[in-house]
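Take a look at the letters that make up each chain.
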Amino acid sequence: MKNKLRQSIFASFASVASIFFISCDTTFNNSVPKPIQIEQKWGYISSKGQLVVPLQYDEACPFSEGLAKVTVGDKSGYINQSGELVVPLQYDEALSFLQGCAPVRLDQKWGYINQEGKRIIDFQFHEAWGFSENLACVRVEDKYGYINRKGEFIIPLQFDTARDFTDGYAVAERNGQLWVINTMGQVLELHQKK
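Residues numbered from 1 in each chain as written. Predicted model: local features only at pLDDT ≥ 70, side-chain atom pairs only at ≥ 80, totals over all residues. Heavy atoms only, no water.

Novice: Whenever I open this one, the side chain of R105 confuses me. Can you help?
Specialist: Among the structural elements, R105 can be located in strand β9 (residues 101-106). Note on R105: relative accessible area 17%, which makes it buried. At a separation of 2.4 Å, a polar atom in the side chain of R105 contacts the main-chain carbonyl oxygen of D107. Ignoring anything within four residues of it in the chain, the contact list for R105 reads Y91, D92, E93, W110 and F123. (Helix = DSSP H or I, 4+ residues; strand = E, 2+ residues; numbered from the N terminus. Buried < 20%, exposed > 50% of the residue type's maximum accessible area, 1.4 Å probe, protein only. Polar contact = N/O pair within 3.5 Å; in protein donor to acceptor, adjacent residues only side chain to side chain. Contact = heavy atoms within 4.5 Å.)

This is the structure:
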């Protein structure tokens, strides 16, 4: 009995603490619900601390471009800010929406969907990241390259590791050397790996 009472008190405290910390966040957008976890389940609360999406998910991510990834069991999908499931729980793994699309995985391959849940790039990659500056870093077998929103390689598969573009530049590694490249794949700097 004491353990249940302690758990209940702790859950209540955790809920209040979460609301307090969210309200202290200066980047908090008052109109966008925020994920909250209580007793192993996730839901979403408003800026006033009201539960606006029930505690029903095993995982819940922040909203990005109006949608949030949610997971039940081992399947993920996306909800809108009203809590409506707009992309069914069908993916083995999913990342947030960036530039209007999200990388999702079925079985062992990644592809991309739009905000209506329609596949816009086939499931063909072994690893995929969100779009940044209209390019997405993807891996096929053991090499990385960059695709556009049509799934066409703009920078061919050639790197051993690669990162997203930021301000027109990305860092990629090939044959033990780090390269700074631009969005056209031109090498701007070469760095010896230490």
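Novice: How should the sheet that holds strand β2 (residues 41-45) be read in this particular structure?
Specialist: For sheets, the rule is that strands pair by backbone hydrogen bonds, running either parallel or antiparallel. Spatially, β1-β2-β3 is the arrangement adopted by the three strands of the open sheet, whose pairing is antiparallel. Strand pairing shows two members of the sheet lacking a second neighbour, β1 (34-38) and β3 (51-57), which therefore form its edges. In this sheet, adjacent strand axes meet at a mean angle of 25° when their direction is disregarded. Bridge analysis of β1 against β2 gives five bridges, and the strand direction is antiparallel. Directly across from P35, in β2, lies its bridge partner Y44. (Pairing = 2+ DSSP bridges. Axes fitted to C-alpha atoms, helices over the stretch in contact; angles between N-to-C directions.)

Novice: How should I be thinking about the packing of aromatic side chains in this particular structure?
Specialist: Per the counting criterion, the structure on display carries seven aromatic pairs. Judged by centre distance (5.1 Å) and plane angle (55°), the rings of Y44 and F63 are tilted. Of the two residues, Y44 sits in strand β2 while F63 sits in the loop between β4 (59-60) and β5 (68-72), which places them 19 residues apart along the sequence. Of the two residues, Y44 and F63, both sit in the buried class. Centroid distance Y91 to F123: 6.4 Å. Interplanar angle 25°. Geometry classified as stacked. One end of the pair, Y91, is in strand β7 (residues 85-91); the other, F123, is in strand β11 (residues 119-125), and 32 residues separate them in sequence. When its relative accessible area of 4% is taken as the criterion, Y91 is described as buried. Residue class for F123 comes out partly exposed when judged on its relative accessible area of 23%. Members of the aromatic cluster, joined through ring pairs, are Y112, F125, F131 and F153. The ring of F131 is capped by R149, whose NZ or CZ atom sits 6.0 Å from the centre of that ring. The ring of W179 has R174 lying over it, and the distance from NZ or CZ to the ring centre is 4.6 Å. (Phe/Tyr/Trp six-rings, centres within 6.5 Å; stacked < 30°, edge-to-face > 60°. Lys NZ or Arg CZ within 6 Å of the ring centre and 35° of its normal.)

Novice: How should I be thinking about the pattern of salt bridges in this particular structure?
Specialist: Two side chains of opposite charge can pair, provided their charged atoms sit close to one another. Per the counting criterion, the structure on display carries seven salt bridges. K75 is the salt-bridge partner of D92, the closest N and O atoms lying 2.5 Å from each other. Of this pair, D92 sits in the loop between β7 and β8 (93-94) while K75 sits in strand β6 (residues 75-79), placing them 17 residues apart in sequence. Given the relative accessible area of 24%, D92 is considered partly exposed. Its salt-bridge partner being R105, residue E93 comes within 3.1 Å of it at the nearest N-O pair. Separated by 12 residues along the polypeptide, E93 in strand β8 and R105 in strand β9 bring together distant segments of the chain. (Salt bridge = Lys/Arg side-chain N within 4 Å of Asp/Glu carboxyl O.)

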